[in-house]
Amino acid sequence: MSVTINTKINGQSVSASADASTSLLEFLRDTLELKGSKLCCNTGECGACTVIYNGKPINSCVTMAADANGAEITTIEGLADGDKLHPVQQAFIDTGAVQCGYCTPGYIMSVKALLDRTTKPTAEDIEEAVSGNICRCTGYAKIVDAIQLAAQKLQLR
Amino acid sequence: MMEYFEPKSISEALSVLEKHGADAKVIAGGTDVMVDIKFKEEPGGLVNIKKLPGLTGIKENGGSLRIGALTTIRDLETSALVREKLPALWESSHQFASLQVRNTATIGGNICRASPSGETLAPLLVLEATGKCVFSDGEKVQPFTSFFQGPGKSVLGAKGLLTEIDVPYPAPGSKSVYLKHAVRGAMDIAMVGVAVLLTPDAGKNNIQDVRIGLGAVAPTPVRASKTEALLRGKPLSASLLKEAAAMAASESSPITDQRSSAEYRRWIVEALTRRGLEQTWKAATGKEVA
C-alpha cells in the first residue's frame, strides 16, 4: 500500500509517495535520488546510512519511510554551504580520515549530530557517537583525529 | 501488496488488530521489524503505532517508575531517574546496540519482540516489573515473569498492545547489576545476559532476597528461581557462591547458534552469575565473600 510522505529534507519541503515497506534509506536514495547515504548492512549495524532525524542520528535503513512524515531530516547532501564544505567534512579530508569512502557519509552525520550536542566532546562522547559506525579501512585513529579537529574548528566559530 | 495502518488512538489500533492482527505486524521504532521485512518475509500488513499519543515518557509513580511503551532506549539511557533508581535497567539501555538504534528502538518493542536475548528483559524480570496489556475486550496488568511464552511469543498474542511498563523500586539497600557477554560490546546481540538484584538483611549479614534473571539462554528470558531459593537467608560464602553459580548454569537451557555453543553459554551463565552475586553482595553489605 502506498503512503504519502510530507517531510522536510535538508530544509526543503518534500512530498512524495512510497510503499509501506520502504525504508527511509530507500526513499532517500531511490525516490529522491539522494545517493549520499549508503546502503550497506541494511540491518542497522554498520551506520553507513546514518541521517539526522529531528536532531538525532538514526539508521535510515531500519526506519520506515512513513516515519519521515512530519519530521525534519538532514542528510550528507545538506551539510555543505554551496561549494564550502561543512567543518566536519573538511576535517575528514584534512586528517586523511577517508580511504574507500563508503562509511564516510555515515560517520560525518554521526559526528555532526555529536558536535551539535557539544563542541567539547570527551573521548567517551566520541567513542559513543561513532560506536555504531564501522570503517573497514582506516583503523579509526584518523577518524578520531578528524572529530577532534572538527570540534576545535567549531569551537573557534 | 502489504497493507498499512497508522491508527490515531489506542482503541483504533485495537480494532485494526482485531480485524488484521493475524496477518499484520505491529511496528514502533522498526529496528527489528524492518530487518524482517528486508531479509525474511513481508507481513500482510503493518500497524504503525509510533505516533499513538501518550505512550512516551518516564514518570515517578509513588514507589515505581512508569515508562510509556514508546519511550526510546536512548530516553531510558539519558534519564537520571532510571540511572539512580534502576541501575540494572539503565545498564541494559546503555549496552543496547548503537546510539543510532537507541535513538529509534523503544522499550515496548524490545519487550514485545519477546526475543530471549532482548537486552532489557533480564533486568525487568529481576525488578519484577509489570506491563499494562490492552485488548479490545479489556486490559490487564501482567508481570513480565509470566509475559513471555517463547521466542517471539507473549501473552499479547496477535491482538494485544503493551502500553505502559511499571517498574517498582527495589527495597532500600538493594544493589543490582546487569552483565552482558558479547563479542562486539554493546553492538552485538548478547550471547548471555545476567541481571542480579540482591537485598541484604537489616544487619547486612545475610541475603534477605535475591533475584537472578538470565537472558539468551532459554526460549524466553527466565529467572533462576532454584538458585535464588538456595541463596535466600544465608551469608554469601565462597562455597555457596560456587554452588549457586553452577546451579544457575544448570537452570539455563541454551541452544547452540552462530553466536556460541550451548556449552559455552552455560559456562558464561556460571561466570556472570558468580560475578553478579559477588558485586551486588559487596556493594550491598560492604563485605568480601568469605
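Residues numbered from 1 in each chain as written. Chains lettered and ligands numbered in written order. Predicted model: local features only at pLDDT ≥ 70, side-chain atom pairs only at ≥ 80, totals over all residues. Heavy atoms only, no water.

A.B. asks: Got a minute to help me understand the sheet that holds strand β1 (residues 3-5) of chain B in this structure?
C.D. replies: For sheets, the rule is that strands pair by backbone hydrogen bonds, running either parallel or antiparallel. Residues and elements named next belong to chain B. On the basis of which strands lie adjacent, the open sheet formed by 3 strands has the order β1-β3-β2 and parallel pairing. Across the chains shown, the open sheet's two edge strands, defined by having one partner strand only, are β1 and β2 (24-27). Each strand of the sheet is rotated relative to its neighbour by a mean of 20°, with strand direction disregarded. Judged from the 4 bridges that link them, β2 and strand β3 (residues 45-48) form a sheet pairing that is parallel. Each bridged residue has a counterpart across the sheet, and for alanine 24 the counterpart in β3 is glycine 45. Sitting on the sheet, helix α1 (residues 10-20) touches β1, β2 and β3, and the angle it makes with β1 is about 155°. (Pairing = 2+ DSSP bridges. Helix = DSSP H or I, 4+ residues; strand = E, 2+ residues; numbered from the N terminus. Axes fitted to C-alpha atoms, helices over the stretch in contact; angles between N-to-C directions. Contact = heavy atoms within 4.5 Å.)

A.B. asks: Just checking my understanding: could you explain the pattern of salt bridges for this structure?
C.D. replies: All names here are of chain B. As enumerated under the stated definition, the model contains 27 salt bridges over all chains in all. For arginine 113, the salt bridge identified is with aspartate 36, shortest N-O distance 2.9 Å. A residue pair is termed long-range when its members are at least 10 positions apart, and arginine 113 in the loop between α7 (107-112) and α8 (121-126) and aspartate 36 in helix α2 (residues 33-39) qualify at 77 residues. Here arginine 113 falls in the partly exposed class, since its relative accessible area comes to 27%. Note that glutamate 228 is salt-bridged to arginine 232, the shortest N-O span being 3.3 Å. For glutamate 228, a relative accessible area of 2% puts it in the buried group. (Salt bridge = Lys/Arg side-chain N within 4 Å of Asp/Glu carboxyl O. Buried < 20%, exposed > 50% of the residue type's maximum accessible area, 1.4 Å probe, protein only.)

A.B. asks: Sorry if this is basic, but what is going on with the packing of aromatic side chains here?
C.D. replies: Any pair of aromatic rings gets described here by the distance separating the centres and the angle formed by the planes. All names here are of chain B. The tally for this structure, following the rule as stated, stands at 3 aromatic pairs over all chains. Between phenylalanine 144 and phenylalanine 147, the aromatic rings sit 5.2 Å apart at their centres with planes inclined by 75°, giving edge-to-face as the arrangement. Judged by its relative accessible area of 1%, phenylalanine 144 is buried. Between arginine 83 and the ring centre of tryptophan 90, over which it is positioned, the NZ or CZ distance is 4.0 Å. (Phe/Tyr/Trp six-rings, centres within 6.5 Å; stacked < 30°, edge-to-face > 60°. Lys NZ or Arg CZ within 6 Å of the ring centre and 35° of its normal.)

A.B. asks: How should the environment of alanine 146 of chain A be read in this particular structure?
C.D. replies: All names here are of chain A. On the secondary structure map, alanine 146 appears in helix α5 (residues 141-155). Look at alanine 146 and you get buried, because its relative accessible area is 0%. Each C-alpha atom of the pair alanine 146 and valine 51 lies 19 Å from the other, and the pair is 95 residues apart in sequence. The contact partners of alanine 146, leaving out residues within four places of it in the chain, are Ala91, Phe92, Thr95 and Ala97.

A.B. asks: Please explain the side chain of threonine 75 of chain A as it appears in this structure.
C.D. replies: Along the chain, the position of threonine 75 of chain A falls in the loop between β5 (72-74) and α2 (87-94). Those residues in contact with threonine 75 of chain A, other than ones at most four positions away along the chain, are Ile9, Asn10, Leu28, Leu34, Ser37, Val51 and Met109 of chain A.

A.B. asks: How should the environment of tyrosine 178 of chain B be read in this particular structure?
C.D. replies: Residue and element names in this part refer to chain B. One can find tyrosine 178 in strand β11 (residues 175-181). A sequence separation of 91 residues divides tyrosine 178 from valine 269, and the C-alpha atoms of the two residues are 12 Å apart. Setting aside residues up to four positions removed in sequence, tyrosine 178 forms contacts with Ala88, Glu91, Ser92, Glu119, Ala122, Pro123, Gly193, Val194 and Ala195. Within polar-contact distance, the side chain of tyrosine 178 engages the side chain of glutamate 119 at 2.6 Å. (Polar contact = N/O pair within 3.5 Å; in protein donor to acceptor, adjacent residues only side chain to side chain.)

A.B. asks: Is there a simple way to explain the nonpolar core in this structure?
C.D. replies: In a soluble, globular protein the nonpolar side chains are often hidden away together inside. Residues and elements named next belong to chain B. The biggest cluster of nonpolar side chains holds 37 residues, and the ones touching the most others in it are Ile111, Leu124, Phe144 and Ile165. Those elements giving two or more residues to this core turn out to be β5 (64-68), α3 (73-77), α5 (87-94), α7, α8, β6 (130-135), β10 (161-168) and β12 (192-200). It is α8 that provides the largest number of residues to this core, a total of 5 residues. If we ignore the near neighbours within four places in the chain, the residues touching isoleucine 165 are Leu65, Arg66, Ile67, Ala69, Ile107, Ile111, Leu124, Ala129, Thr130 and Phe144. With 28 residues, the next largest nonpolar core counts Leu198, Leu240, Ala244 and Ala284 among its residues. (Core = buried A, V, L, I, M, F, W, Y, C linked by side-chain atoms within 4.5 Å.)

A.B. asks: Help me out: how do you make sense of the interface of chain A and chain B in this one?
C.D. replies: Put simply, an interface is often sized by how much accessible area is lost when its parts join up. Counting residues at the interface gives 34 residues for chain A, matched by 32 residues for chain B. In this assembly, chain A packs against chain B so that about 2,500 Å² is buried in total across both faces, 53% of it on carbon and sulfur atoms. One salt bridge in this structure joins lysine 38 of chain B and glutamate 26 of chain A, with 2.8 Å as the shortest N-O distance. Only β4 (56-59), α3 (104-117) and α4 (123-130) of chain A provide two or more residues apiece to the side of chain A that touches chain B. Counting residues per element, the side of chain A that touches chain B draws most heavily on β4 of chain A, which supplies 4 residues. Broken down by class, the residue content of the side of chain A that touches chain B amounts to 12 nonpolar, 15 polar and 7 charged. (Buried area = accessible area lost by both parts, 1.4 Å probe. Nonpolar A, V, L, I, M, F, W, Y, C, P; charged D, E, K, R; others polar.)

A.B. asks: Help me understand the side chain of threonine 7 of chain A in this model?
C.D. replies: Residues and elements named next belong to chain A. As for its position among the elements, threonine 7 is in strand β1 (residues 2-9). What makes threonine 7 buried here is its relative accessible area of 6%. One polar contact links the side chain of threonine 7 to the main-chain carbonyl oxygen of alanine 68, over a distance of 3.0 Å.

A.B. asks: I'm lost on the confidence of the model for chain B in this one. Help?
C.D. replies: Parts of the prediction with low pLDDT should not have their coordinates interpreted in detail. For chain B, the average pLDDT comes to 96, and 100% of its residues sit at 70 or higher. Across the interface, the model reports ipTM at 0.96; the global pTM reads 0.96. (pLDDT = per-residue confidence, 0-100.)

A.B. asks: Explanation requested: the packing of α3 of chain A against α4 of chain A in the structure shown.
C.D. replies: Packed helices, taken two at a time, are described by their axes: the angle between them and the distance between them. Residues and elements named next belong to chain A. At their nearest, the axes of α3 and α4 sit 9 Å apart, and the two run at 140° to each other. One finds that α3 runs oblique with respect to α4. Every pair of crossing elements has a handedness; the one defined by α3 and α4 is right-handed. Note on element contacts: α4 touches α3 through Asp125, Ile126, Ala129 and Val130, opposite Tyr107, Ser110, Val111, Leu114 and Arg117. Residues belonging to the contact of α3 with α4 are distributed by class as follows: 6 nonpolar, 1 polar and 2 charged. (Parallel < 35°, antiparallel > 145°, perpendicular 65-115°, else oblique. Left-handed = near helix turned anticlockwise from the far one by under 90°.)

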